[in-house]
Amino acid sequence: MSHRAADSCRREDGTASVELIGVVPFLLLAVLVAAQIAAAGYAIWSAGVAARAGARAALVGGDASKAARAALPGGLRDGATVSDGGSVSVRVPIPTVVPALPPLRVEASAGLETGGG
């Protein structure tokens, strides 16, 4: 290896480490954002399932609120709000992965009608 090539290699020693340190915060942020989006999707899906369960219970003369709460996962059940007025609406808080985010809630509604047949 020539003297010039050896000097060039020494100047680049540690460059990959510095680049990695610069990229890690952005990778961490991307993972946190993806996890928060997944948590929001989970809350929306769970609220929809619970609203449909409540609507089915109301259709057969059962307790819609109780059925909707029973269909929610335990972590969302405590902060849930269920209303039954024609259709069943379920509001749940979105679990926060990033503590700096304000508390947000999502809502899903479902209603079923008897078939006139």
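Just above, that's the structure.
### A look at the pairing of strand 1 (residues 81–85)
When strand 1 meets strand 2 (residues 87–93), the two strands line up antiparallel, connected through 5 bridges. Along strand 2, the bridge assignment pairs valine 82 with valine 90.

### Observations concerning the sheet that holds strand 3 (residues 105–110)
Within a sheet, neighbouring strands are paired by backbone hydrogen bonds and run either parallel or antiparallel to one another. The strand order across the open sheet formed by 3 strands is 1-2-3, and the pairing between neighbours is antiparallel. Edge strands, defined here as strands with exactly one partner in the open sheet, are strand 1 and strand 3. On average, each strand axis in the sheet is inclined to that of its neighbour by 15 degrees, with strand direction left out of account. Relative to the sheet, helix 3 (residues 64–71) contacts strand 1 and strand 2, its axis offset from that of strand 1 by approximately 145 degrees.

### Here's the deal with the nonpolar core
Most often, soluble globular proteins keep nonpolar side chains buried together rather than apart. Core analysis: the largest hydrophobic core is formed by 19 residues, its most contacted members being Ala68, Leu72, Val88, Val90 and Val92. The set of elements that each furnish at least two residues to this core consists of helix 2 (15–59), helix 3, strand 2 and strand 3. Ranked by residue count, the leading element in this core is helix 2, at 6 residues. When residues no more than four places from it in sequence are discounted, the contact partners of valine 88 are Ala51, Gly54, Ala55, Ala64, Ala68, Val82, Ser83, Ala108, Ser109 and Ala110.

### Topic: helix 2
For helix 2, with 45 residues, the first-to-last C-alpha span of 66 Å sits near the 66 Å given by 1.5 Å per residue. At valine 23, helix 2 is deflected by roughly 30 degrees, the largest bend along its length, and proline proline 25 occurs up to four residues later in sequence. At the C-terminal side of helix 2, glycine 61 shows a positive phi close to 90 degrees.

### Side note on the side chain of serine 89
Examined against the element boundaries, serine 89 turns out to sit in strand 2. Not counting residues up to four positions away in its chain, the partners in contact with serine 89 are Thr81, Val82, Ser83, Glu107, Ala108 and Ser109.

### Let's talk about the packing of helix 2 against helix 3
Helix-helix packing: each pair is described by the crossing angle between the helix axes and the interaxial distance. Between helix 2 and helix 3, the shortest axis-to-axis distance is 7 Å and the interhelical angle comes to 150 degrees. With respect to each other, helix 2 and helix 3 are oriented roughly antiparallel. Note that helix 2 runs across helix 3; the crossing there is right-handed. Only Ala64, Ala67, Ala68 and Ala71 of helix 3 make contact with helix 2, whose side of the interface consists of Val49, Ala50, Ala53, Gly54, Ala57 and Ala58.

### Brief notes about the side chain of serine 46
Along the chain, the position of serine 46 falls in helix 2. On the basis of relative accessible area, serine 46 is assigned to the buried category, the value being 1%. Apart from residues lying up to four places away in sequence, serine 46 is in contact with Leu72, Pro73 and Leu76.

Parameters and conventions
Residues numbered from 1 in each chain as written. Predicted model: local features only at pLDDT ≥ 70, side-chain atom pairs only at ≥ 80, totals over all residues. Heavy atoms only, no water. Pairing = 2+ DSSP bridges. Helix = DSSP H or I, 4+ residues; strand = E, 2+ residues; numbered from the N terminus. Axes fitted to C-alpha atoms, helices over the stretch in contact; angles between N-to-C directions. Contact = heavy atoms within 4.5 Å. Core = buried A, V, L, I, M, F, W, Y, C linked by side-chain atoms within 4.5 Å. Buried < 20%, exposed > 50% of the residue type's maximum accessible area, 1.4 Å probe, protein only. Expected span 1.5 Å × (residues − 1). Bend = angle between axes of the 7 residues up to and from the residue. Parallel < 35°, antiparallel > 145°, perpendicular 65-115°, else oblique. Left-handed = near helix turned anticlockwise from the far one by under 90°.

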